[in-house]
Amino acid sequence: MLGYLTILISAVSGLVAAPAWLVVMGALALSSISYARHHLLFRRAGDLGMQDAIDQTLIASLFNGLLAAGAAYGCGAALRVLSVGWP
């Protein structure tokens, strides 16, 4: 639920023309939520010597969060642009 709320906040940020750096903050929030859900698995993998796999997974999670937050911000900005013509 927290992830959806973060994406909703990113979309609303685009809708109200908030600064674009909020996309990066949304991506960090989504990555932190992902890490919080899977930290025990990361710790277990670290004990097995799989640090490279953990690093790649965290980078992929950050990229996915950036993509999700950016798309939500873009959709909010598109709605703002489309609503300008309406009374």
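Since this is a predicted model, take the numbers as computed values, not measurements. (Residues numbered from 1 in each chain as written. Predicted model: local features only at pLDDT ≥ 70, side-chain atom pairs only at ≥ 80, totals over all residues. Heavy atoms only, no water.)

1. Thoughts on the packing of aromatic side chains
Counting across every chain of the model gives 1 aromatic pair. When the ring of Y35 is compared with that of F42, the centres are 5.5 Å apart and the planes differ by 15 degrees; the resulting orientation is stacked. Taking relative accessible area as the criterion, Y35 reaches 40% and is therefore assigned partly exposed. Looking at F42, the relative accessible area reads 13%, which means it is buried. (Phe/Tyr/Trp six-rings, centres within 6.5 Å; stacked < 30°, edge-to-face > 60°. Buried < 20%, exposed > 50% of the residue type's maximum accessible area, 1.4 Å probe, protein only.)

2. Focus: the packing of helix 1 (residues 2–15) against helix 2 (residues 22–47)
At a closest axis distance of 10 Å, the pairing of helix 1 and helix 2 adopts a crossing angle of 175 degrees. Relative to helix 2, helix 1 is oriented roughly antiparallel. Every residue of helix 2 that contacts helix 1 at L2, G3, T6, I7, S10 and S13 is listed here: L22, G26, A29, L30 and I33. Taken together, the residues of the contact of helix 1 with helix 2 sort by class into 6 nonpolar, 5 polar and no charged. (Axes fitted to C-alpha atoms, helices over the stretch in contact; angles between N-to-C directions. Helix = DSSP H or I, 4+ residues; strand = E, 2+ residues; numbered from the N terminus. Parallel < 35°, antiparallel > 145°, perpendicular 65-115°, else oblique. Contact = heavy atoms within 4.5 Å. Nonpolar A, V, L, I, M, F, W, Y, C, P; charged D, E, K, R; others polar.)

3. Details of the packing of helix 1 against helix 3 (residues 51–83)
When two helices pack together, their arrangement is given by the angle between the helix axes and the distance between those axes. Two elements in contact, helix 1 and helix 3, have axes separated by 6 Å at closest approach and are oriented at 35 degrees. For the pair helix 1 and helix 3, the sense of crossing is right-handed. Where helix 1 approaches helix 3, its residues I7, S10, A11, S13, G14 and L15 are matched on the opposing element by A68, A69, A72, Y73, G76, A77, L79 and R80. Of the residues belonging to the contact of helix 1 with helix 3, the class tally is 9 nonpolar, 4 polar and 1 charged. (Left-handed = near helix turned anticlockwise from the far one by under 90°.)

4. Here's the deal with the confidence of the model for the protein
Residues of the protein with pLDDT of at least 70 account for 97%, and the chain-wide mean is 91. Of all helices and strands in the protein, the one with the weakest mean pLDDT is helix 2 (91), whereas helix 1 scores best (93). (pLDDT = per-residue confidence, 0-100.)

5. Some details on unusual backbone geometry
Here the phi dihedral of A17 falls at roughly 60 degrees; this positive angle occurs in a residue that is not glycine. Considering the arrangement of structural elements, one finds A17 in the loop between helix 1 and helix 2.

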